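Descriptive structure summary
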Amino acid sequence: MIEGNVIAALATPVGRGAVSIIRMSGSGAKEIISRCFSRADKLEHARMVLGIFDAGEIKDRVLVVLFESPHSYTGETLVEVHCHGSPEIASRILRRLVALGARPAEAGEFTRRAFLNGKLGLDEAEAVGELINAKSAAAVNAAMDGVRGKLHREVEGIYNDILTVISAYDAAIDYPEEDVEEQTAEQALPVLGNAAERLNALIASYSQGEKLRDGFRVAIVGLPNAGKSSLLNKLLGRERAIVTANAGTTRDTIEESYEYKGVLFTLVDTAGVRETSDEAERAGVERSTQAARSAHIVLRVTDISSPVFLPVETSGKLIDIYNKTDLKSNARVPEGAIGISALTGEGVEELKEAVYAAATGGELSADGVVLTNARHYALALAAADALNAGINCLVGGGTPDLALGELGTALAQLGKITGANATDDVLDDIFSRFCVGK
C-alpha cells in the first residue's frame with residue numbers, strides 16, 4: 001500500500017444543506033486532524049466522534065470518522081469531517097486543512113488512489129463515476145454491479161484462460177518435439193473457444209447495457225393539434241409543454257424524462273408535421289423527422305375524430321396512438337393501436353406499459369454481466385478480434401509464434417479494461433471526468 005501526500009476536498013455538492021462532508025486522505029491525515037479537532041485522541045478506525053473543529057475565525061460542532069490504512073476507500077489513512085451544511089463553514093474547514101499541510105485534491109484523485117493502491121480495478125473505478133451520474137434505478141443497479149466487481153471478475157477469468165494457454169505454449173516451445181505441440185493445441189482450443197464465447201457474450205450485452213445506463217429515447221410525432229404536447233404532459237405527470245388550440249404552437253423539440261419500472265425514458269415532443277411557409281415552423285418539422293429517425297420508440301399520435309395517416313420513417317419501434325377518445329367515445333381504435341385521452345388520462349397507464357414492453361421486451365435484466373461503458377466495449381471488440389485470429393491460426397495449422405502474438409494482443413486489450421496495463425494518459429482521461437471529491 002502506497003501513501004501519498006495528503007489531499008483534501010469537499011465530498012458533497014457545493015451549496016446549502018443539512019450536512020457537508022470534507023474528505024482528507026494521505027499518510028499525514030491523522031496528524032493534521034489532531035491539530036484542529038478537539039477530540040482527536042478519541043478517534044479509532046471506523047468510529048464517528050463528536051467534537052469541535054477549530055477553523056480559526058469560526059468553530060463548528062462536527063462528527064469526524066477515521067479510516068486506518070489499508071482499510072479505507074483509498075487504501076490510505078482517510079479522515080472525513082461531517083460539518084453543518086453552510087458553504088462558509090465547509091469552506092473554512094477545507095482552508096484550515098490546507099493551511100495545516102493538505103493540498104486541494106484534483107478531479108477523481110481519491111478514486112485514482114484507490115485504483116493505484118489495488119482497492120479497485122480500473123473498470124470498478126469507472127463504475128463509481130457511472131454510479132454518481134446514474135439517472136434511473138436500472139442505471140444505479142448496473143453501476144453497482146460494476147463497483148462490486150461483476151465485470152472485473154468476468155474479464156479477469158477470460159484473461160486468465162488465455163494466459164494459461166500462452167504459458168502452456170511457452171513450455172511446449174522449450175520442448176519442441178512435434179507431439180508436445182500437437183497435444184498442447186488439442187488442450188488449448190477448447191479453453192480458447194470457451195474464452196471467445198464468454199467474450200462474445202460480453203460484447204453482445206453492450207446494446208442492453210447502453211439502455212440500462214442511458215434509457216430510451218421516445219419521439220412523439222403527429223399532425224398539428226393531434227395532442228402531442230398534451231400527451232407529453234400526461235406521461236410526465238406535470239405541465240411541461242405549452243398547449244393551445246392553435247396549430248403550430250410547438251416549433252422546436254422539447255425533451256423531458258420520466259422513469260417507469262426503474263427504466264429511464266426521454267420523451268421528445270416534436271412540431272406537428274405539415275407544409276408551412278413559416279421558416280421557424282419548417283425547421284421544427286425537419287427536427288421532428290430527425291427525432292423519429294433516431295428514436296428507439298416512436299409514438300405516432302392521431303386525432304381519432306379526424307384520423308389522417310402520417311407516414312413515419314424510423315429505425316425504432318412504432319406505436320400508434322389514437323387520441324381524444326373522450327370526444328368520440330364510440331370511435332373504433334384500429335387493432336394494434338392504443339386509444340387514449342391526453343385530456344382525462346384514460347389509457348395513459350396502458351400506453352406506459354406498452355412503451356416499456358416495446359423498449360425492453362417486457363423485462364430489462366442485468367442479472368448477467370453487462371457492458372455499459374463504451375471504452376470497455378471497444379477494447380472487448382479488439383480483444384475478440386485478436387483472440388479469434390489466434391484460434392484461427394491454431395486451427396489452420398499456423399505456427400505457434402503467430403498464434404501467441406495474437407493471444408498476447410488479446411491479453412493487452414483485456415488488461416486495459418481492468419487496468420492491468422493502463423497508461424498514465426488513459427488514467428488522466430478517465431479520472432478527469434470525476435468530481436473533485438471522489
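From a predicted model like this one, the values you see are computed outputs, not experimental measurements. (Residues numbered from 1 in each chain as written. Predicted model: local features only at pLDDT ≥ 70, side-chain atom pairs only at ≥ 80, totals over all residues. Heavy atoms only, no water.)

Further remarks concern empty space enclosed by the protein. Within this structure, the stated rule accounts for one cavity of 30 Å³ or more. One number sums up the size of the largest cavity: a volume of about 170 Å³. Lining the largest cavity we find 18 residues, and of these Ala 142, Gly 146, Leu 151, Val 370 and Thr 372 sit closest to its centre. Of all elements in the fold, only helix H4 (122–132), helix H5 (137–147) and helix H6 (150–174) reach the threshold of two or more residues within the lining of the largest cavity. (1 Å grid on protein atoms, 1.4 Å probe; cavity = no way out; pocket = protein on both sides within 12 Å on 5 of 7 lines; lining within 4 Å. Points joined across faces, edges and corners; volume = space filled by probe spheres on them. Helix = DSSP H or I, 4+ residues; strand = E, 2+ residues; numbered from the N terminus.)

To find leftover empty space, one rolls a probe the size of a water molecule over the atoms. Quantified by volume, the largest pocket comes out at close to 480 Å³. Forming the boundary of the largest pocket are 23 residues, of which Glu 126, Gly 129, Glu 130, Asn 133 and Arg 213 lie nearest the centre. When contributions to the lining of the largest pocket are tallied by element, the ones reaching two or more residues are H4, H5, helix H8 (206–214), strand S9 (263–269) and helix H12 (374–395).

Here the focus is the packing of aromatic side chains. Counted according to the given criterion, the structure contains five aromatic pairs. Measuring from centroid to centroid gives 5.7 Å for Phe 216 and Phe 265, while their planes differ by 25°, and the two rings are stacked. On the criterion of sequence distance, the pair formed by Phe 216 in strand S7 (residues 216–222) and Phe 265 in strand S9 is long-range, its members being 49 residues apart. Across this residue pair, the class does not change: Phe 216 and Phe 265 are buried. Taking 5.5 Å as the distance between ring centres and 25° as the angle between the ring planes, the aromatic pair formed by Tyr 258 and Phe 265 counts as stacked. The buried category is assigned to Tyr 258, whose relative accessible area is 7%. An aromatic cluster of three or more residues is present, and its members are Phe 216, Tyr 258 and Phe 265. Here the basic side chain of Lys 438 rests over the ring of Tyr 73, its NZ or CZ set 4.6 Å away from the ring centre. (Phe/Tyr/Trp six-rings, centres within 6.5 Å; stacked < 30°, edge-to-face > 60°. Buried < 20%, exposed > 50% of the residue type's maximum accessible area, 1.4 Å probe, protein only. Lys NZ or Arg CZ within 6 Å of the ring centre and 35° of its normal.)

Ordered by their spatial adjacency, six strands build an open sheet running S3-S4-S5-S2-S1-S6, and the pairing between neighbours is mixed. The two strands at the open ends of the sheet, each matched to only one other strand, are strand S3 (48–54) and strand S6 (103–104). Along the sheet, helix H2 (residues 87–99) contacts strand S1 (7–10), strand S2 (19–25), S3, strand S4 (59–67), strand S5 (78–84) and S6; its crossing angle with S2, the most-contacted strand, is approximately 15°. Along the sheet, helix H3 (residues 109–116) contacts S1, S2 and S6; its crossing angle with S1, the most-contacted strand, is approximately 135°. (Pairing = 2+ DSSP bridges. Contact = heavy atoms within 4.5 Å. Axes fitted to C-alpha atoms, helices over the stretch in contact; angles between N-to-C directions.)

Summed over the entire model, instances satisfying the criterion amount to 21 salt bridges. Note that Asp 145 is salt-bridged to Arg 148, the shortest N-O span being 3.9 Å. Take Arg 148: its relative accessible area is 55%, and that puts it in the exposed class. When salt bridges with common partners are traced through the structure, they connect Glu 76, Arg 103, Glu 109 and Arg 113 into a single cluster. (Salt bridge = Lys/Arg side-chain N within 4 Å of Asp/Glu carboxyl O.)

For the pair H4 and helix H14 (residues 424–431), interaxial distance at closest approach is 11 Å and the crossing angle is 20°. Overall, the two elements H4 and H14 adopt an arrangement that is roughly parallel. With respect to the hand of their crossing, H4 and H14 are arranged in left-handed fashion. Across the interface between the two elements, Leu 122, Ala 125 and Glu 126 of H4 pack against Val 426, Leu 427, Ile 430 and Phe 431 of H14. (Parallel < 35°, antiparallel > 145°, perpendicular 65-115°, else oblique. Left-handed = near helix turned anticlockwise from the far one by under 90°.)

What follows deals with H4. In an α-helix, one turn spans 3.6 residues; hence positions three or four apart end up facing the same way. Extensive coverage of H4 is indicated by the burial of nine of its eleven residues. All of the buried residues in H4 are Leu 122, Asp 123, Glu 124, Ala 125, Glu 126, Ala 127, Val 128, Gly 129 and Glu 130.

Glancing now at the pairing of S9. Extensive coverage of S9 is indicated by the burial of seven of its seven residues. Neither face of S9 is open: one carries Val 263, Phe 265, Leu 267 and Asp 269, the other Leu 264, Thr 266 and Val 268, and all of them are buried. Pairing of S7 with S9 involves five bridges; the strand directions are parallel. Each bridged residue has a counterpart across the sheet, and for Ile 220 the counterpart in S9 is Asp 269. Note that strand S8 (residues 254–260) and S9 share seven bridges and pair antiparallel. Within the sheet, the bridge partner assigned to Glu 259 lies in S9 and is Leu 264.

A word on unusual backbone geometry. Here Ser 69 and Pro 70 are connected by a cis peptide whose omega angle stands at 5°. Residue position: Pro 70 is located in the loop between S4 and S5. In this model, Ala 46 sits at a positive phi of 60°, which is unusual for a non-glycine residue. Within the chain, Lys 261 stands out as a residue other than glycine whose phi angle is a positive 55°. On the secondary structure map, Lys 261 appears in the loop between S8 and S9.

Another point: the sheet that holds strand S12 (residues 338–339). Across the sheet, which stays open at both edges, the six strands sit in the order S8-S9-S7-S10-S11-S12 with mixed pairing between neighbours. Looking at the sheet topology across the chains shown, the edges are occupied by S8 and S12. For strand S10 (residues 297–303) and strand S11 (residues 317–323), the ladder comprises seven bridges, and the chain directions are parallel. Bridging across to S11, Arg 300 finds its partner in Asp 320. Each of S7, S8, S9, S10 and S11 is contacted by helix H9 (residues 228–236), which is oriented at about 160° to S9, the strand it contacts most.

Any functional reading would require information that these geometric values do not contain.
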